[in-house]
Amino acid sequence: MVLALVEHEAGVPEDSSLEMLTLARGVAEETDEPLTAVVVGAEAAGVADDLGTYGVETVYVVDHERLDDYAPVAWATSVDQLAADLDPDAVVAPGSTRGHEVLAHVAARREQSMAANCIEVTTGEEYELTRQRWGGTLLEEARLGGDTKLLTAAAHEVSAEPADSPTEPAVESFDPSLDEEAFEVRVTRHEASDVEGVPLGEARVVVGGGRGVGGPDGYDQLEELADLLGGAVGASRAAVNEGWRPHDDQVGQTGAKISPKLYVACGISGAVQHMVGCKGAENILAINTDPEAAIIQKARWAVVGDLHEVVPELNESIRSAN
Amino acid sequence: MDTLACVKRVPDTGAKIVLTDDQRAIDTSNLGFTMSPHEECGLEEAVQIAQDTGGTATALTLGTAEADEQLRTALAMQADEAVLLETEEREWGPLDTATAIADYVRETDDEYDLLLFGTESADNGNYQVPIHVATQLGLPVVTAIKHIEVEDDTVVARREAGGGEEVYELETPAVVGVKEGLNEPRYPSMRSKMRARQQEVEQHHPEPGGRDRLEMVRLEAPEQDEGTAEILGEGPEATPRIVEILQEDLEVL
């Protein structure tokens, strides 16, 4: 059996969890074992139908009145106890903040290591893995041992593919034994972001600016374009290092990983460290003065020209078109 | 408040990465080294908290003798003390690394109120060393933190979630894994670099426990998607075609 930790928002599974389930289903099929999911929190039972689409045969709903708010140790203890009952071949979680954190806690409780950000898994006595390193700049082939393998799936790497034969999952309730210590660290409150507009990670359009923008003022045109397209502004590491944009805007190896429908890369050369942040983009439109820039090799569309001339003209045309 | 910032020596971020012939490491013959960016922010935070609260900041690294360079940088960034857990091999697994750090913390006479780590190292991205350390020491831990405030014996830590922030409150002693962007690490002055060269670095020599079952076989560069971009034009003349694409191909207008 493969046990997969599925994250959801009010009963709707997160995209990164569906991607992870696709990887986990591959592991389950290879071992000829069922794919089982564990979900935590309020409205968790609502995900069962969606998970059937991805081939999950049983959904365990962790039933505890204090688990509606996230608490890493309580979540990890629940997954660990369920795994102790079910004795799966592997426990898989999404490569999200919570997925990494919860599975690392499970690993720590079991005094073993987990493999983070896997993109391919071949099963066996030891698993042979391909996992991302350097934020995806490099791949590592690795071997993972242990009775129960613990791994996370890299986000935006494996596309979410429904199963050939959908299932109607059985829904089981699991009541973990949790003491007060398990809730020592928990979300005490949520606060709305003071950043206006669409969050970078969720934007359908991202307008990114690099060294070619030339200074903080140059981003005004990019902000305007992002506004007109209902998107967000991103930046390369070079621009952030110059102090032109806050780190929160950074797209790349140590910044945000984005997956918009369109990434408009303005004055960005396209270094590999930046590209690992935007390779989830469905389409890239590059605007660059250098026709040899790496970004132009990687884009679907390109304009060879100065962004300071192209973007204002584009903004004007979009306003007219609207 | 006495803080311990655990940092890692990694090849320069942003450099062109070339692998060794056996593909088991990055060829560093033409490459500089730096402190992993997430941990550099952890160190900066440790120094600021120590200075604001009248405590101390200690920088610690586990690595080969060359990692002394990153500890000197940490001292130049106003860390009060530096500790090297010296190893023969450049790369230790996450469980062995965490165990050596937890053993050091347990055995030292210094009692740290706050242990800061990068949530993941820039090179390995294992996402678990701070959590293993905290679990072995029985301390509360939270990771992926982008903002820290200290209020008496409580650490208020925030992280991004769903367009907003999740707020955590941890009683010290505690472990926090941070992300780059937490703060703006200072550039050490020439004078502080000179002084750092003279400071003592405490040395220990932990042995690997061999408990990690995650073993690297080889590294490879991922295949690049070399698209053949459609050139829409030169300069502003391309605008009508871009608008057409936005309206018809992408339907974002």
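Residues numbered from 1 in each chain as written. Chains lettered and ligands numbered in written order. Predicted model: local features only at pLDDT ≥ 70, side-chain atom pairs only at ≥ 80, totals over all residues. Heavy atoms only, no water.

- The name that an unreviewed UniProt entry assigns to chain B is Electron transfer flavoprotein subunit beta/FixA family protein, with the source organism given as Salinirubellus salinus.

- As annotated in an unreviewed UniProt entry, chain A carries the name Electron transfer flavoprotein subunit alpha/FixB family protein and is attributed to Salinirubellus salinus.
- Comment text from UniProt for chain A, heading Sequence similarities (unreviewed entry), reads "Belongs to the ETF alpha-subunit/FixB family." (UniProt positions renumbered as here; feature names shortened; annotations may be inferred.)

### Looking at the overall build of chain B
Phase 1 of the analysis: For chain B, the count of helices and strands is 6 helices and 14 strands.
Phase 2 of the analysis: Its C-alpha atoms put chain B at 70 × 45 × 45 Å along the principal axes.
Phase 3 of the analysis: Relative to its 253 residues, chain B shows a buried fraction of 53%.
Phase 4 of the analysis: Taking the contacts inside chain B whose residues are at least 6 apart along the sequence as the reference set, 69% of them involve residues at least 24 apart.
Phase 5 of the analysis: Entry remark: accessible area of chain B is about 11,500 Å², with carbon and sulfur atoms responsible for 41%.
Phase 6 of the analysis: When the 20 basic and 55 acidic side-chain charges of chain B are each reduced to a single mean position, those positions are 4 Å apart. (Helix = DSSP H or I, 4+ residues; strand = E, 2+ residues; numbered from the N terminus. Buried < 20%, exposed > 50% of the residue type's maximum accessible area, 1.4 Å probe, protein only. Contact = heavy atoms within 4.5 Å. Areas by Shrake-Rupley, 256 points an atom, 1.4 Å probe, with all protein chains shown as cover. Lys, Arg positive; Asp, Glu negative; His and termini not counted. Charge placed at Lys NZ, Arg CZ, Asp CG, Glu CD.)

### Structural notes on the pattern of salt bridges
Phase 1 of the analysis: What the rule picks out here adds up to 38 salt bridges over all chains.
Phase 2 of the analysis: Aspartate 249 of chain B is the partner of arginine 300 of chain A in a salt bridge, and the nearest nitrogen-oxygen pair spans 3.9 Å. Note that arginine 300 of chain A is positioned in the loop between α8 (294-298) and β17 (301-304) and aspartate 249 of chain B in helix α6 (residues 239-249), a pairing that runs across two chains.
Phase 3 of the analysis: With a relative accessible area of 41%, arginine 300 of chain A lands in the partly exposed category.
Phase 4 of the analysis: For glutamate 165 of chain B, the salt bridge is made with arginine 158 of chain B, and the minimal N-O distance between the two is 3.4 Å.
Phase 5 of the analysis: Note on glutamate 165 of chain B: relative accessible area 24%, which makes it partly exposed. (Salt bridge = Lys/Arg side-chain N within 4 Å of Asp/Glu carboxyl O.)

### Considerations on the confidence of the model for chain B
Phase 1 of the analysis: Residues with a pLDDT of 70 or more make up 99% of chain B, whose mean pLDDT is 94.
Phase 2 of the analysis: This prediction of the complex comes with two scores: 0.92 for pTM and 0.94 for ipTM. (pLDDT = per-residue confidence, 0-100.)

### Some details on the sheet that holds strand β14 (residues 230-234) of chain B
Phase 1 of the analysis: Read across the sheet, 6 strands follow the order β14(A)-β13(A)-β15(A)-β16(A)-β17(A)-β14(B) without closing on themselves; strand pairing throughout is parallel. The strands lining the two open edges of the sheet, one partner per strand, are β14 (232-235) of chain A together with β14 of chain B. Within this sheet the neighbouring strands show an average axis-to-axis angle of 20°, counted without direction.
Phase 2 of the analysis: Pairing of strand β15 (residues 262-266) of chain A with strand β16 (residues 283-288) of chain A, which is carried by 5 bridges, proceeds in the parallel orientation. By the bridge assignment for β16 of chain A, valine 264 of chain A is matched with leucine 285 of chain A.
Phase 3 of the analysis: Packed onto the sheet, helix α9 (residues 307-321) of chain A meets β15, β16 and β17 of chain A and runs at close to 125° relative to β16 of chain A. (Pairing = 2+ DSSP bridges. Axes fitted to C-alpha atoms, helices over the stretch in contact; angles between N-to-C directions.)

### A few points about the nonpolar core
Phase 1 of the analysis: In this structure, Leu43, Ile101 and Ile148 of chain B are the most contacted members of the largest nonpolar core, which totals 94 residues.
Phase 2 of the analysis: Here this core gets 7 residues from one element, more than from any other, and that element is helix α3 (residues 72-86) of chain A.
Phase 3 of the analysis: Not counting residues within four places of it along the chain, the set of residues in contact with isoleucine 101 of chain B comprises Cys6, Leu60, Leu85, Phe117, Val129 and Val133 of chain B.
Phase 4 of the analysis: One finds Leu18, Met20, Ala44 and Leu51 of chain A within the second-largest nonpolar core, a separate group that totals 34 residues. (Core = buried A, V, L, I, M, F, W, Y, C linked by side-chain atoms within 4.5 Å.)

### Re the packing of α9 of chain A against α6 of chain B
When two helices pack together, their arrangement is given by the angle between the helix axes and by the axis-to-axis distance.
Phase 1 of the analysis: Relative to each other, α9 of chain A and α6 of chain B sit at 50°, their axes nearing to 9 Å. The angle between the axes of α9 of chain A and α6 of chain B places the two elements in the oblique class. Along this stretch, α9 of chain A crosses α6 of chain B, giving a crossing that reads as right-handed. Taken together, the residues of α6 of chain B that come into contact with α9 of chain A (itself represented by Val310, Glu313, Leu314, Ser317, Ile318 and Ala321 of chain A) are Thr239, Ile242, Val243, Leu246 and Gln247 of chain B. (Parallel < 35°, antiparallel > 145°, perpendicular 65-115°, else oblique. Left-handed = near helix turned anticlockwise from the far one by under 90°.)

### Remarks on the packing of helix α4 (residues 97-109) of chain A against helix α4 (residues 129-137) of chain B
Phase 1 of the analysis: Direction vectors running N to C along α4 of chain A and α4 of chain B enclose 45°, while the axes themselves pass 9 Å from each other. With respect to their mutual orientation, α4 of chain A and α4 of chain B come out oblique. Relative to α4 of chain B, α4 of chain A is oriented so that their crossing is right-handed. Across the interface between the two elements, Glu101, Ala104, His105, Ala107, Ala108 and Arg109 of chain A from α4 of chain A touch Ile131, His132 and Thr135 of chain B from α4 of chain B.
Phase 2 of the analysis: Here the contact of α4 of chain A with α4 of chain B is composed, by residue class, of 4 nonpolar, 3 polar and 2 charged. (Nonpolar A, V, L, I, M, F, W, Y, C, P; charged D, E, K, R; others polar.)

### Considering the pairing of β14 of chain A
Phase 1 of the analysis: The side-chain alternation of β14 of chain A yields two buried faces, one formed by Ala232 and Gly234 of chain A and the other by Val233 and Ala235 of chain A.
Phase 2 of the analysis: For the segment spanning strand β13 (residues 205-209) of chain A, helix α5 (residues 219-228) of chain A and β14 of chain A, crossover handedness is right-handed. (Right-handed = clockwise from strand over helix to strand, strands pointing away.)

### Some details on the sheet that holds strand β7 (residues 115-122) of chain A
Phase 1 of the analysis: Spatially, 10 strands are ordered β11(A)-β5(A)-β4(A)-β1(A)-β6(A)-β10(A)-β7(A)-β8(A)-β9(A)-β13(B) in an open sheet, and the strand pairing comes out mixed. In the strand order of this sheet, the two ends are held by β11 (170-174) of chain A together with β13 (214-220) of chain B, each with one partner. Averaged over all pairs of adjacent strands, the angle between their axes in this sheet comes to 35°, without regard to strand direction.
Phase 2 of the analysis: Relative to β11 of chain A, strand β5 (residues 58-62) of chain A runs parallel, the two sharing 5 bridges. Residue pairing for β11 of chain A: valine 59 of chain A is matched across the bridge by valine 171 of chain A.

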